[in-house]
Structures are given as C-alpha cells and as structure tokens.
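Residue strings, one per chain:
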Amino acid sequence: MKKGANEVLFGLYDDEEILLKAVKQAKNDHLDIMDVYTPFPVHGLDPILGLSESRLHVAGFIYGAIGCLFGFLFMTWVFTRDWPIIFGGKPYFSAPAFIPITFELTVLFAAVGMVVTFYVICGMGPGTINPTLDDRITDDKFCIAFNTNDANQDAIDRLKGFFSATGASEVNTKTI
Amino acid sequence: MNQFTFEARQKATLGGFMILGLLCMGLTAIGDDGHYTRLWSNYLHNSVFFTGIALFSLFIISAFTTAWAGWYSQFKRIFEAYSLFLIPGLVLMLVIVAGLWGGMHHLYHWADPNTLDPNSTHYDPILVGKSSFLNANWYTFGTLVFMAIWIFFAWKMRQISLDEDTNGTTDWNHHHRLRIWAAAFLPIAGFTSAAVVWQWVMSVDSHWYSTLFAWYCGASWFVSAIALGIMSLAWLKSKGYYERVSSEHLHDLGKFLFAFSIFWTYLWFSQFMLIWYGNNGEETVYFFERMNNYPVLFYGNLAINFILPFFILMRNDTKRKYGTLIFASILVLFGHWLDFFLMIKPGVLHTKHEMSGHHGAGHGDAGHHGTDHAADAGHHVADAAGHGADHAADAAHGVAETAAHHASSAFEAGFSLPGLLEVGTFLGFLAFFLYMFLHNLSKANLEPKNEPYLGESYHHHV
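Residues numbered from 1 in each chain as written. Chains lettered and ligands numbered in written order. Predicted model: local features only at pLDDT ≥ 70, side-chain atom pairs only at ≥ 80, totals over all residues. Heavy atoms only, no water.

J.: Can you help me understand the nonpolar core in this one?
T.: Across soluble globular proteins, you tend to see nonpolar side chains buried next to one another. If you look at the biggest cluster of nonpolar residues, it comprises 132 residues, and the most contacted ones within it are B:Leu44, B:Phe75, B:Tyr108, B:Tyr139, B:Trp200 and B:Phe213. Residues in contact with B:Tyr139, not counting those within four places in the same chain, are B:Leu44, B:Met93, B:Ile96, B:Val97, B:Leu100, B:Tyr108, B:Trp110, B:Gln199 and B:Trp200. (Core = buried A, V, L, I, M, F, W, Y, C linked by side-chain atoms within 4.5 Å. Buried < 20%, exposed > 50% of the residue type's maximum accessible area, 1.4 Å probe, protein only. Contact = heavy atoms within 4.5 Å.)

J.: Explanation requested: the domain arrangement of chain A in the structure shown.
T.: Size of an interface: often given as the accessible area lost when the parts come together. Once the domains are mapped, chain A shows domain 1 (7-52 + 136-175) and domain 2 (56-122). Computed from C-alpha coordinates alone, the two centres of domain 1 of chain A and domain 2 of chain A are separated by 45 Å. (Domains from an automatic or database assignment.)

J.: Any chance you could explain the packing of aromatic side chains here in plain terms?
T.: The description of two aromatic rings rests on the distance between their centres and on the angle between their planes. All names here are of chain B. All told, the structure shown has 81 aromatic pairs over all chains when counted by the stated rule. Aromatic pair Trp71 and Phe256: ring centres 6.1 Å apart, planes at 20°, arrangement stacked. Here the residue Trp71 occupies a position in the loop between α2 (37-66) and α3 (76-83), and Phe256 occupies one in helix α9 (residues 247-278), the gap between them amounting to 185 residues. Taking relative accessible area as the criterion, Trp71 reaches 9% and is therefore assigned buried. Directly above the ring of Phe415 sits Lys345, whose terminal nitrogen or CZ lies 4.7 Å from the centroid. (Phe/Tyr/Trp six-rings, centres within 6.5 Å; stacked < 30°, edge-to-face > 60°. Helix = DSSP H or I, 4+ residues; strand = E, 2+ residues; numbered from the N terminus. Lys NZ or Arg CZ within 6 Å of the ring centre and 35° of its normal.)

J.: When you look at the environment of B:Phe213 in this model, what are you seeing that I'm missing?
T.: All names here are of chain B. Among the structural elements, Phe213 can be located in helix α8 (residues 213-238). According to the relative accessible area criterion, Phe213 is buried, its value standing at 1%. Expressed as a C-alpha distance, the spacing of Phe213 and Val197, which sit 16 residues apart in the sequence, is 8.0 Å. When near neighbours in sequence (up to four residues on either side) are disregarded, Phe213 contacts Val197, Val201, Met202, Trp208, Gln271, Tyr286 and Met343.

J.: Explain the environment of A:Asn152 to me, please; I cannot follow it from the model alone.
T.: Counting through the fold element by element, A:Asn152 comes out in the loop between β3 (142-147) and α5 (153-166). Since its relative accessible area comes to 47%, A:Asn152 is described here as partly exposed.

J.: Which parts of the structure should I look at to understand the packing of helix α4 (residues 95-121) of chain A against α9(B)?
T.: Axis angle and axis distance: for two packed helices, these are the angle between their axes and the distance between the axes, and together they describe the pair. Where α4(A) contacts α9(B), the axes come no closer than 10 Å and their chain directions differ by 130°. On the basis of the axis angle, α4(A) is oblique to α9(B). In terms of crossing hand, the pair formed by α4(A) and α9(B) is left-handed. Along the contact surface, α4(A) presents A:Pro96, A:Ala97, A:Ile99 and A:Pro100, while α9(B) presents B:Phe269, B:Phe272, B:Met273, B:Trp276 and B:Tyr277. (Axes fitted to C-alpha atoms, helices over the stretch in contact; angles between N-to-C directions. Parallel < 35°, antiparallel > 145°, perpendicular 65-115°, else oblique. Left-handed = near helix turned anticlockwise from the far one by under 90°.)

J.: Explain a nonpolar patch on the surface to me, please; I cannot follow it from the model alone.
T.: Nonpolar side chains collect at one region of the surface, where A:Val58, A:Phe61, A:Ile62, A:Ile66, A:Phe70, A:Phe74, A:Trp77, B:Ile307 and B:Phe311 lie side by side and expose about 860 Å² of accessible area between them. Breaking the nonpolar patch down by element, the ones donating at least two residues are α3 (56-82) of chain A together with α11 (295-312) of chain B. Per-element accounting of the nonpolar patch gives the leading share, 7 residues, to α3(A). (Patch = residues over 30% accessible without salt bridge, like charges linked within 9 Å, V, L, I, M, F, W, Y side chains within 5 Å. Areas by Shrake-Rupley, 256 points an atom, 1.4 Å probe, with all protein chains shown as cover. Salt bridge = Lys/Arg side-chain N within 4 Å of Asp/Glu carboxyl O.)

This is the structure in structure tokens:
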C-alpha cells in the first residue's frame, strides 16, 4: 500500500467485546476489512480475522542458532588458533568455559535479530512517520478500518450502515 | 462429572504394579550383598524421589497461590492430592531412619561409628569435622520435624480448600487465609527442603558438598511434579473428567515443563562449571567419578532432561498436542528418576566398597591424597607456560588418581546402570504414589467450588 494514497473509512468502538462481535459480523457480511487497531492485544481476535500465526519465532530460532554457532566457533578459533592462553591449567579447547558466552550470544542474536526483523517487516524505524487514524486507538478506542479507494457511494453507505448496526461510537474518514 | 470414582479395576492394576515392585525388591534382596546395599539404595532413591514430588506439589500450589495464578484453579485438586503423599512419604523415610539407628544399612558413610574413632583404620578426620551435622540425631530430627511441618501445611491448605467448597463466601475469606498459609510455606519449604536434601541425598557422598545441590535437587522434583501433573490431567481427561480443561491449560503446563527443564539445566551446569573451573580435588571427585565411571548416565542425563525436552517443547504447537507433550513428560519424569539415581548410587557404591574393605586401609589418607593432588595440579599450572594442554592433562590425571581411591570402575549390577529390578521397583513406587493420589482425589470434588479464580480458569486463553 502506498502511503498518502489510501482513503480509509473507520469506526471506533468503546469496548473489545463490541469490537469482537462487529468483526465477526463483518466477516459474515463478507466485508473486506483493511485492518483492526486496538490499544492492547484482544484475545480471540486473530482467529476471527483469519490471521495466520506469526513466523517471527522461526526467525528467532535461526538467529539464535547462528549466534550459538558463531559464539562457540569464534571462541574455539581464538583459544586454539589465534591467541591460545592457558586458564587454570585447562586445555586450550575447554567447552564448559565457552558455554556461558555461547549462551549469551545466542540470546543476543535471537533478541536483536527478532527486533530488527520486526521493525523491517512493519516498515518501522528511525525517521519513519506512521500516521494513525485516531490518537485514541492507542488509548481506549477499538477501531475497524476499511479501504475505500475504489468504493462507490453504495459500498460506502453499506459500510456506514454496518458501523451503526454494530454499535460504533464514531465513524470517520481519513487519507493516509 | 465433578467426582472421581476410583474403580476397582484401576485399584487392581495399581495393586498389581505395587506387587511387582515388592517382588522386584525381594529379588534384589536375594542377590544382594550382606548389607542389602542395592535394595536399600533403591529404596532410598525411590522414597526420596516420590516424597520430593509430593513436597514440590505443595510448593507449586503455594507458589501459584502467592502469585495470584488463576488458570490452574480448576485442577488444583490434582496437586493437592499429590501433596498428601507426604504422609506415606514420611513413613517411607522413617524406615531409612530406623535402618540408620539399627545399623541395618550402609547408605551413609558418616553413619559408621568407626570413622569417628581415632584408633580405627577407618578414622576419617573430614567426617569428624562434619559430624556435628551429619549424625543420626540430626538426620532423624530433619526427617521427622521438617516433614511434619510439610504435612501440617499440606493438611491445613487441603482443609481450607475443602472447607471452601461447602462454606465458601463471596468475601473470599478462605482464599485470603490460603494465601497467608501459602506465602508462609514458601520460605519454610526453601530452607527445610535444602536441609533434608543435604541429609538424604548429598550426604551419600559424605566428603563432598555443593551449595547449589539443594536447588538442583529441588528443580528436579519440580519438573517431575509438573510432568506427572500433565500426565494425570491427560489421563483424567481421557476418562471424561475435567471437560473444561483445554489445550490452553496444557499449553501453560507445557511451558512450565519446558522452562523448568531449562532451569534445571542452568543449575546443573552452574554446579558443574564452578567445580570444573575451581579444579579443587575434594569437589571435582563427584563429577570425575560420574563422568568416567557412569558416562552413559552422566551424558544421557543431560540429553534426556535438557536437549530432548528443549527441542521437543520449543514450538508452540508441541505444547498443545497430547502426543508430544506426554512423550516429553514421560521422558522427563524417567529422566529425573535417572538423575536421582546418578546422585545417589555412586556414593552408596563407594561406601559399600569402603565397608567391604576394598579400599579399607587406603581410606584414612584419601583426604590427604586429595590435598596433595590439588597442590600438584596447582604446581603444574605454575610451570605450564607454553605447554598448557599437556600439563592440564596431567593435572586432570592427578584428580583421576584421587577419584580412583573412591570407586572402582568395574560394572556393578544395579549401580552402574539401572537394571530391570530397579525399573520394577520404580514402577512399584510409582503405582503406590498414584494409588494414594487417586485415593485422595476421589475424596473431594475434582473442581473446587466457590474458588475466586474459577471463572478465570474456565476462560483461560494464552
């Protein structure tokens, strides 16, 4: 979706129970929801919207595995090839001594990798401006948004009818 | 169905396994040495394992209650029923105490009076130094008094919970009282469990000590209690009970199994690495013996209790499916039984050899040997500059010689690896534990009534 080129019609709801019912209704009416915005994760919303499970944790596992191998192999190289030092009379290659740092690097790679991946996928980062439909959707309002770029007046009326039928407290439009 | 019926067929099955266990113990006794060391050590191993599971079930209830956990309140009666096994557990442990006073077993080297006698060939100055704690009086006191305290808490919290079913009010008076008892039990459980673990388990290696040992044992019991809880819940569900317990609850129990397997590994490794790094002869002897004489159990322990549950339970869906979750639970329960086997058996075998005179004369010096070798090891390090690896190997060899004083590496049935008789005894004890569990479960409503968090538990969603 290009930014600044989307006509959005959205309704604000006061409560997540009303929102869940409305989303169900929208699915039954075959309305094409652009997105749903809530101030906190609403239980049971993902399956109704038909969102598949996030694969971010798969990425996390891969980053963790890379960090694990990197940490262990790097220390092995340092202590056996590059700069061997004797610690406490132990052999140069002492796996138990490498494990804490290997663990730390596994966590570091997984954590940082997942954060970066998340930011890239969501198109977020320093300097990006993410327009919000309404400031209150980060506070106490629950929002269902429809993209009305190609919608004719009939379709818009139908969406407005849907909002009033499902108990939206406000209905607005915005171009983002 | 809110009332569990303990059917005659189930009683018969469990009774059959208990008879199998007794039979295995009898067979163990027939082929045993004069002190019945294999039989006694199997008995100690299983008694400690299942008593500890009961203790940590009470700990789990207390921790969850203190943490305001609501999700588990539907099936808290399972852990309550587990915790009541502390009463038979006390009887089991009192047999060990009686054996200690009667000189019937030689599980603990410190219990041999000759070790305290300066004129004896078995005189052991290290054990003299520890004798103010490692003695029959303290052992009896710890077992009797500490277990009595646990039983009192288990009974008290069970009473409040049962009373809530009939007399519960909406000012949640029962729950408030339960929270006070639960919070009081946590520190008590922490200190007393450590003290009895030192006596019951750690003192079989009577020269050795580790400050992390109690936590490590406790984590082992905790994971076992969770694994057994998952399997009990799945079995009860398959019988049509607990209809409102869903994969959401199993998911959370699976997370506990996963997380505390990692926690156990963390403690295991912390204990290992500090001792390995310190390279102090009197500490390394514990691991040196296990790594060299029990390699299958030593490395298998890590594989079965860490690597397998870690990779099996890592994904979201494996914690929600019966197949993978129960497979991991069986692995972990048996794995921690093996873990306790490895804690207890090598030390008992060493004591057995001492008692039967294999190393009798040499033993008085063992402490000094340890010190000498540690000094040697230090010396090697001092002049090691340049050829580190070779000398490190020498230093390790020094420890190996110390370890050689403590155990023979020859295969010993029932000690080097658990045999069929050990597994049979385990099944007998497991059946006894489950019999008492189901008996206590059938005495109360399966789901508590008037419990403030019940609604949260019904609607639990992860």
